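Per-entry structural report
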Amino acid sequence: MRPLVASIRLDNLKHNYLLARSQHGGRALAVVKANAYGHGAVRCARALADVADGFAVATIEEAIQLREGGLDQPIVLLEGVFEAEELALVRQHGFWPVVQSAEQLAMIEALPASAKGLTVWLKMDSGMHRAGFFPEHYAAAHQRLMGCGKVERIVKMTHFARADEPADSATRTQIETFDSVCAALPGDESVANSAAIMAHERAHRQWARPGIMLYGATPFDTSHPAAAGLRPVMRLTTRVFGTRELPAGQPVGYGGTFVTERPTRIGLIACGYADGYPRLASTGSPVAVDGVRTRIIGRVSMDMITIDLTDLPHAGIGSEVELWGDAVGVNEVAAHAGTIGYELLCNVKRARFEYS
Ligand SMILES: *Cc1c(COP(=O)(O)O)cnc(C)c1O
């Protein structure tokens, strides 16, 4: 069997959830969209079922998957519904849709009179300019929803564009914009993603929405004290299944982009870009062999990667290689590929998932 394994440590997930909620206070929706950032949505949600106040997903299909998996907590649909027909499923399953556009608001108003008691999360565009009602239209949207007879409860929400840059003032400005309108409106509030939970105390409201921190990765570029207690949930590992010795001056891999500078011992490992390992993370990207860090040499191929074993004389066929997890941070690999840990975690495929 191909030895690529994504080990998912569910106790670390639970630890991170409880840490997120205690850093924020109040209640926390565990964000499990995109198959729980690649970790397996139903398995992760079940592991949190006895502590989580609710879950958040991107699509109604993801939400239904959780219900079918036995989760009966509140589930927020972060993008709301895409078509009016989905509102029947929203009602049937008791989902909490975000309302972030005039079209979505009109779909709620157009529900039959028998539709009652919905909880909706009304989103303000407080400055990210991606989704939500402009501040000047927000109170009117709130009033229409409360007055339409279908809605029992509104949670006021917004989302930050730059909460992962703690020194930047944009998040403070977004909070002030949000508060200037929301102070006069009834209901709970929710503004904090992981970065705001950790770095922006003024973003702490009744509901938090931690995502990436649940999986043990920091949203910040640099180290941050609030991220110190996070425990990586996924450990992506494989094994060496080939070795070769090359003299100095030999090219390695597609394009010969790496040329040995000295006599070099190469290990061949079973993982490639078809597994979600980023092709851009080539020569120099870290891996850990039996816990000792070394580097990729040459280009990442579809199914294989070559690594430098020259200084690891005890490593050989069968040695365990960690792509990311405990000895190698997913964000380190992401930095080599010009992206963020979120994307790498979401992209893992073809690996065997083992839960513990
Ligand atoms: C994905 C998402 C989150 C979680 O963000 P993280 O940075 O992963 O913590 C929170 N809120 C909304 C609206 C989201 O789309």
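Residues numbered from 1 in each chain as written. Predicted model: local features only at pLDDT ≥ 70, side-chain atom pairs only at ≥ 80, totals over all residues. Heavy atoms only, no water.

- Named according to an unreviewed UniProt entry, the protein chain is Alanine racemase originating from Gulbenkiania indica.
- The record held by UniProt for the protein chain lists under Function (unreviewed entry) the comment "Catalyzes the interconversion of L-alanine and D-alanine. May also act on other amino acids."
- In UniProt, the protein chain has this text filed under Pathway (unreviewed entry): "Amino-acid biosynthesis; D-alanine biosynthesis; D-alanine from L-alanine: step 1/1." (UniProt positions renumbered as here; feature names shortened; annotations may be inferred.)

Topic: the side chain of glutamate 320
- Secondary-structure assignment places glutamate 320 in strand β17 (residues 320-324).
- At 2.6 Å, the side chain of glutamate 320 and the side chain of arginine 235 are in polar contact.
- Sequence-distant contacts of glutamate 320, defined by excluding residues within four places in its chain, comprise Arg235, Thr237, Thr238, Arg239, Ala288, Val289 and Asp290. (Helix = DSSP H or I, 4+ residues; strand = E, 2+ residues; numbered from the N terminus. Polar contact = N/O pair within 3.5 Å; in protein donor to acceptor, adjacent residues only side chain to side chain. Contact = heavy atoms within 4.5 Å.)

Section: the side chain of aspartate 275
- You can see aspartate 275 is positioned in the loop between β13 (264-270) and β14 (286-289).
- Of note is the side chain of aspartate 275, whose polar atom sits 2.7 Å from the side chain of arginine 350.

Remarks on the environment of phenylalanine 220
- Counting through the fold element by element, phenylalanine 220 comes out in the loop between β9 (207-208) and β10 (234-246).
- Contact partners of phenylalanine 220, with chain neighbours within four places excluded, come to Ala163, Asp164, Pro166, Ala195, Met198, Ala199 and Asn331.

Things to note about the UniProt feature "binding site: substrate" (unreviewed entry) in the protein chain
- Taken from the UniProt record, the annotation "binding site: substrate" (unreviewed entry) applies to Arg130 and Met302. In summary, the annotated positions, distributed over 173 residues, remain apart in three dimensions as well, the widest C-alpha pair reaching 34.3 Å.
- Positionally, arginine 130 belongs in the loop between β6 (118-124) and α7 (135-147).
- By relative accessible area, which is 58% here, arginine 130 ends up exposed.
- Excluding residues within four positions of it along the chain, arginine 130 makes contact with Lys123, Asp125 and His159.
- The residue methionine 302 is located in the loop between β15 (292-295) and β16 (304-308) in this model.
- Discounting chain neighbours no more than four positions away, the residues touching methionine 302 are Gly272, Tyr273, Ala274, Asp275 and Arg350. (Buried < 20%, exposed > 50% of the residue type's maximum accessible area, 1.4 Å probe, protein only.)

Thoughts on the site of the ligand
- Around the ligand, a shell composed of Val31, Lys33, Tyr37, Leu78, His159, Asn193, Ser194, Arg209, Pro210, Gly211, Ile212 and Tyr342 is seen.
- At 2.7 Å from an oxygen atom of the ligand is found a side-chain nitrogen or oxygen belonging to lysine 33.
- Contact between the ligand and serine 194: an oxygen atom at 2.5 Å from a side-chain N or O atom of the residue.
- Burial of the ligand by the protein amounts to 92% of the accessible area it has alone, namely 390 Å².
- Here the residues of the shell around the ligand are counted per class, giving 6 nonpolar, 4 polar and 2 charged. (Near = heavy atom within 4 Å. Areas by Shrake-Rupley, 256 points an atom, 1.4 Å probe, with all protein chains shown as cover. Nonpolar A, V, L, I, M, F, W, Y, C, P; charged D, E, K, R; others polar.)

Regarding the packing of helix α1 (residues 10-24) against helix α3 (residues 41-48)
- Contact pair α1 / α3: the axes reach a minimum separation of 9 Å and the direction vectors enclose 60 degrees. In terms of axis orientation, α1 runs oblique to α3. With respect to the hand of their crossing, α1 and α3 are arranged in right-handed fashion. Along its contact with α1, which presents Leu10, Leu13, Lys14 and Tyr17, the element α3 presents Arg43, Cys44, Ala47 and Leu48.
- When its residues are assigned to classes, the contact of α1 with α3 shows 6 nonpolar, no polar and 2 charged. (Axes fitted to C-alpha atoms, helices over the stretch in contact; angles between N-to-C directions. Parallel < 35°, antiparallel > 145°, perpendicular 65-115°, else oblique. Left-handed = near helix turned anticlockwise from the far one by under 90°.)

Examining the UniProt feature "domain: Alanine racemase C-terminal" (unreviewed entry) in the protein chain
- Following the UniProt record, the feature "domain: Alanine racemase C-terminal" (unreviewed entry) maps to residues 233-356 here.
- As a span, residues 233-356 carries 11% helix and 37% strand, and end to end its C-alpha atoms are 10 Å apart.

Side note on the packing of aromatic side chains
- Per the stated rule, a full pass over the model turns up 7 aromatic pairs.
- Between tyrosine 37 and tyrosine 215, the aromatic rings sit 4.8 Å apart at their centres with planes inclined by 25 degrees, giving stacked as the arrangement. Highlighted residues: tyrosine 37 in helix α2 (residues 33-38) and tyrosine 215 in the loop between β9 and β10, separated in sequence by 178 residues. The exposure classification of tyrosine 37 matches that of tyrosine 215, with both residues buried.
- Through a chain of ring-to-ring contacts, three or more aromatic side chains come together here, namely Tyr37, Tyr215 and Tyr342.
- The ring of tyrosine 355 carries arginine 43 above its face, with NZ or CZ at 4.3 Å from the centroid. (Phe/Tyr/Trp six-rings, centres within 6.5 Å; stacked < 30°, edge-to-face > 60°. Lys NZ or Arg CZ within 6 Å of the ring centre and 35° of its normal.)

What about the domain arrangement of the protein chain?
- For the protein chain, the assigned domains are domain 1 (10-216) and domain 2 (234-355).
- Relative placement of domain 1 and domain 2: their C-alpha centres are 37 Å apart.
- Domain 1 puts 8 residues into the contact, and the matching count from domain 2 is 6 residues.
- At the boundary of domain 1 with domain 2, total buried surface from both sides reaches about 790 Å², with 70% on carbon and sulfur atoms.
- Interface area lost by domain 1 to domain 2 is led by Tyr37, His39 and Ile212, which between them contribute 55%.
- Where domain 1 touches domain 2, the interface holds 0 salt bridges. (Domains from an automatic or database assignment. Buried area = accessible area lost by both parts, 1.4 Å probe. Salt bridge = Lys/Arg side-chain N within 4 Å of Asp/Glu carboxyl O.)

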